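Inside the fold
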Amino acid sequence: MAEAHQAVGFRPSLTSDGAEVELSAPVLQEIYLSGLRSWKRHLSRFWNDFLTGVSPASPLSWLFLFSAIQLAWFLQLDPSLGLMEKIKELLPDWGGQHHGLRGVLAAALFASCLWGALIFTLHVALRLLLSYHGWLLEPHGAMSSPTKTWLALVRIFSGRHPMLFSYQRSLPRQPVPSVQDTVRKYLESVRPVLSDEDFDWTAVLAQEFLRLQASLLQWYLRLKSWWASNYVSDWWEEFVYLRSRNPLMVNSNYYMMDFLYVTPTPLQAARAGNAVHALLLYRHRLNRQEIPPTLLMGMRPLCSAQYEKIFNTTRIPGVQKDYIRHLHDSQHVAVFHRGRFFRMGTHSRNSLLSPRALEQQFQRILDDPSPACPHEEHLAALTAAPRGTWAQVRTSLKTQAAEALEAVEGAAFFVSLDAEPAGLTREDPAASLDAYAHALLAGRGHDRWFDKSFTLIVFSNGKLGLSVEHSWADCPISGHMWEFTLATECFQLGYSTDGHCKGHPDPTLPQPQRLQWDLPDQIHSSISLALRGAKILSENVDCHVVPFSLFGKSFIRRCHLSSDSFIQIALQLAHFRDPQCLALFRVAADKHQALLKAAMSGQGVDRHLFALYIVSRFLHLQSPFLTQVHSEQWQLSTSQIPVQQMHLFDVHNYPDYVSSGGGFGPADDHGYGVSYIFMGDGMITFHISSKKSSTKTVRQTCIPTNSLFPQEPGVWAPSPSSLRPRIPGPSPSSLRPRIPGPSPSSLRPRIPGPQPLLPQTQASRPPAPPPSDPGVQAPSPSSLRPGSPGPPAPPPSDPGVQAPSPSSLRPGSPGPSPSSLRLRNPGP
């Protein structure tokens, strides 16, 4: 998501006065350090490696093997073919005593060696299997015999119940694509958006690059790929994120929204209590590796390393480069309310506080009448300042208010209790959704600690949201956590009939600790300047949320197109229509799928060109071609938010209880940032952002793309009435305690198309939950209302995680002129 913003905005590192900083470290030294960092990460996960490094075996399998060898030895059989006798000869004699003990030790050593050799063989075999990408090239819905055989072998070698990090040692290294192929694909991708003259000049630069510099730069990348686990990931994190001196707000953060139509309770403290409890349950499962590894299209496991930094993580500012600080554990959260900071404990005697106890603590903060200290209210605006400025101020702050600063930076995460309501309202649905998105992305500029890995935002009417810093992980990681949080706090934990968390308060708990900031005078002016800059940046961002219900994923499937490709091409075409548009649309969608599969198999363009550029900087080698590549500006930055845990929701019977996704800031001052999420089969929610200061971005209603398809043979054109969500049986409101207010179903739109949606103001308990998620206690049957039909039948499990959106790929499909690639923002 926001990664696209930083990627297209990548520039050489700059000093505070704007001069370029040359990368003086020799490239071989940098490659050596990259490998060293990679090996240190492996050593820091020693215990995890011990538990998961034996996968698909287990420690019990060693005991079984040892017992079998002992049994064979007792039956006077030697399965070691004489090796155990040689091992016994090498062991101490102990004066001729303990002869039997020497035999047992020899058997144990032989069993350990044999066991380790078998596990190593399994790992090598699994790594070779995971290097196969032929399944990506097969048509959707079809699977050849070789792929079926491959998939069966992967499942056999993976074991029965792989843990989160079980595949880490078996994942193949990121391949370095052929530089000739990368340049060819790049030229092919930019051809539709360049004039003939510009393209010819770019092609000349590309040929000169291949002739003079490419082979040397490629050699260094291949060397790094063999020494480090990934030839590009650490450089991407450092140069795209950590060396960026821009403010994090809008530029390196994104947001996640709550349910669109439903607010389970109007009580701010209760919603905060359940949400924090659910988040910490997720952390507990994460620490125990009970989260299943993510599978690409249900087949190939993805790297799970980014999960390690979800909690207890802060991005610490530096003058030239930030760094990520991650703690092993933290048993408190930092809370912000009305300009005051609190340290609130989340555990009691090493056990997690109940949701009702957490609600009690949040209510104590809400009821605290003490005013904010001078400049304390706007202190967090410093985290929205340029990174170099914040780094210098933080040095002074750390000496004067070290304890308070450590309480914030050392927290599991940051919680902001907003004094204003948010979410969909009946009076002005479109404007209220836009304001909701803006509040999550930027807030007021001083009520979010943007350095934290994420901030949980709880509004006064019970609405939730997340603001996520991007450098530590990609959107699917935080999205996975957010899906679990919403499903758990709503369906599993639930609320009582009066809107409070279930359970009983704990009056013995101490009051949350109010943090005291001893702010030196020189910081006051810095806070004022940071607040002014944050307000300017915040007010310049225009956010727009479009719940589009004219058609959804089911219609796109009937068109025999990839849903992601459909939306990506539709966003580029926007208002481009002519009689040949449908044919071009299909060609472009097929091209998009080909680019997507190439990126999924490590043959993408952007990361390879980026790494080549970094090597050229280390070597002080000027490449006009690479310089041009990384100086381009792309006006349309797009990303899909995958829905990864469909088994936690019942979108058919309760379509209101699905996350509405999130968004990010525009990648270019004159462009758009667009994210989208498929909500069930009948709705697509778009999150669009742009800069108000731009004269090239507009708000304009889009033309529904399904109008291209009605004449297509075999494609059903949906009627407006058939596209309205239908909920069979009793409405969700009939399954919940009655609290005055309109039901969700009465608030849903009845006019098809990109119309603004009506609000959900009812505060009520959610419907009967889907099947319980493993490890989370489900409510008792008595907690359901009499006459309730009970939990709905579980929908089929999600086969895996939607592939990462190829928004970072250059447009490579035949399409319109550059001017028509500007997205026309759908309006109300």
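Residues numbered from 1 in each chain as written. Predicted model: local features only at pLDDT ≥ 70, side-chain atom pairs only at ≥ 80, totals over all residues. Heavy atoms only, no water.

Overall, the coordinates contain 32 aromatic pairs when judged by the stated rule. Here the aromatic rings of Y676 and F686 are separated by 6.2 Å at their centres, their planes lie at 40°, and the arrangement is tilted. Of this pair, Y676 sits in strand β17 (residues 672-679) while F686 sits in strand β18 (residues 683-691); the two residues are ten residues apart in sequence, bridging distant segments of the chain. Residue Y676 shares its accessibility class with F686, and that shared class is buried. By the ring-pair criterion, three or more aromatic residues cluster together here, those being F548, F551, F555, F566, F585, Y676, F678 and F686. (Phe/Tyr/Trp six-rings, centres within 6.5 Å; stacked < 30°, edge-to-face > 60°. Helix = DSSP H or I, 4+ residues; strand = E, 2+ residues; numbered from the N terminus. Buried < 20%, exposed > 50% of the residue type's maximum accessible area, 1.4 Å probe, protein only.)

With that settled, consider the sheet that holds strand β14 (residues 541-548). The strands making up a sheet are joined through hydrogen bonds of the backbone, oriented either antiparallel or parallel. Read across the sheet, four strands follow the order β14-β18-β17-β15 without closing on themselves; strand pairing throughout is mixed. Here the strands that pair on one side only, and so sit at the sheet edges, are β14 and β15 (636-640). Taking the axes of each pair of neighbouring strands and ignoring which way they run, one obtains an average angle of 15° across the sheet. Inspection of the sheet shows β17 paired to β18 by seven bridges, in the antiparallel sense. Residue pairing in the sheet places V674 in a bridge with I688 of β18. (Pairing = 2+ DSSP bridges. Axes fitted to C-alpha atoms, helices over the stretch in contact; angles between N-to-C directions.)

For the protein chain, the average pLDDT comes to 79, and 78% of its residues sit at 70 or higher. A low-confidence stretch, residues 1-22 stays under pLDDT 50, and its non-local contacts, those more than four residues away or across chains, total 67 contacts. Counting interchain partners and residues more than four positions distant, the pLDDT-below-50 stretch residues 711-828 has 289 contacts. (pLDDT = per-residue confidence, 0-100. Contact = heavy atoms within 4.5 Å.)

Tallied over the entire structure, the rule returns 25 salt bridges. R245 serves as the salt-bridge partner of D322, at 2.9 Å between the closest nitrogen and oxygen. A residue pair is termed long-range when its members are at least 10 positions apart, and D322 in the loop between β4 (313-316) and β5 (323-326) and R245 in the loop between α11 (233-242) and β1 (253-257) qualify at 77 residues. Overall, the relative accessible area of 17% leaves R245 in the buried class. Where D322 meets R315, a salt bridge forms, and the shortest distance between an N and an O atom there is 2.8 Å. Of the two residues examined, D322 and R315, each falls in the buried class. (Salt bridge = Lys/Arg side-chain N within 4 Å of Asp/Glu carboxyl O.)

Inspection of the secondary structure assignment puts M249 in the loop between α11 and β1. Spatially, the C-alpha atoms of M249 and A442 are 6.2 Å apart, while their sequence positions differ by 193 residues. Once residues lying within four places of it in the same chain are set aside, the contact partners of M249 are A384, L441, A442, G445, F450, A534, L537 and S538.

Another aspect to go through is the pairing of strand β11 (residues 454-458). Taking burial as the measure, the five residues of β11 include five buried ones, the bulk of the element. Residues F454, L456 and V458 point to one face of β11 and T455 and I457 to the other, with burial holding for every one of them. Where strand β10 (residues 414-417) lies against β11, four bridges are found, and the strand directions are parallel. Note on β11: the bridge partner recorded for S416 is I457. At this point the chain moves from β10, through helix α16 (residues 429-441), to the parallel β11, and the crossover so formed is right-handed. (Right-handed = clockwise from strand over helix to strand, strands pointing away.)

On to a nonpolar patch on the surface, then. A cluster of nonpolar side chains, contributed by Y32, L36, W39 and W227, occupies part of the molecular surface with about 400 Å² of accessible area. In this structure, W39 sits in helix α2 (residues 27-44). Residue W39 is classed as partly exposed on the basis of its relative accessible area, which comes to 45%. (Patch = residues over 30% accessible without salt bridge, like charges linked within 9 Å, V, L, I, M, F, W, Y side chains within 5 Å. Areas by Shrake-Rupley, 256 points an atom, 1.4 Å probe, with all protein chains shown as cover.)

Note on backbone geometry: most residues besides glycine have negative phi, and most peptide bonds are trans. The backbone phi angle of N312 is positive, close to 60°, even though this residue is not glycine. One can find N312 in the loop between β3 (300-301) and β4. Given a relative accessible area of 3%, N312 falls into the buried group.

A few words now on helix α4 (residues 59-74). Compared with an ideal rise of 1.5 Å per residue, which puts 16 residues at 22 Å, α4 spans 23 Å between its outermost C-alpha atoms and is within 8% of the ideal. Those residues of α4 lying buried are L65, F66, I69 and A72. Buried residues of α4, seen end-on, are gathered within an arc of 125° and therefore sit on one face of the element. In this structure, α4 carries L60, F64, L71 and F74 as exposed residues pointing more than 90 degrees from its buried face. Just downstream of α4 lies Q76, where phi reads positive at about 60°. (Expected span 1.5 Å × (residues − 1). Arc of directions from axis to C-beta.)

Attention now goes to the sheet that holds strand β16 (residues 662-664). Strand order in the open sheet formed by eight strands is β13-β7-β6-β10-β11-β12-β1-β16, and the pairing between neighbours is mixed. Each edge of the open sheet is held by one strand with a lone partner, namely β13 (513-514) and β16. Where β1 meets strand β12 (residues 464-469), five bridges bridge the pair, whose relative direction is antiparallel. Bridging from a neighbouring strand, Y255 pairs with S467 of β12. Running over the sheet, helix α13 (residues 355-367) touches β6 (332-337), β7 (340-345) and β10 and is turned about 160° from β7. Sheet strands touched by α16: β1, β11, β12 and β16. Its angle to β1, the strand with the most contacts, is close to 135°.

The next thing to look at is the nonpolar core. Counting residues in hydrophobic clusters, the biggest one holds 89 residues, and the most contacted among them are I310, F413 and L456. Counting residues in hydrophobic clusters, the runner-up holds 37 residues, among them I31, L205, A214 and F618. (Core = buried A, V, L, I, M, F, W, Y, C linked by side-chain atoms within 4.5 Å.)

Now for the pairing of β17. Most of β17 sits out of view: eight of its eight residues are buried. Of the two faces of β17, the one holding Y672, V674, Y676 and F678 and the one holding G673, S675, I677 and M679 are both buried throughout. Note that β15 and β17 share five bridges and pair parallel. By the bridge assignment for β17, L636 is matched with Y672. Hairpin connection, β17 to β18: the antiparallel pair is bridged by three residues, and G680 has positive phi, about 70°.

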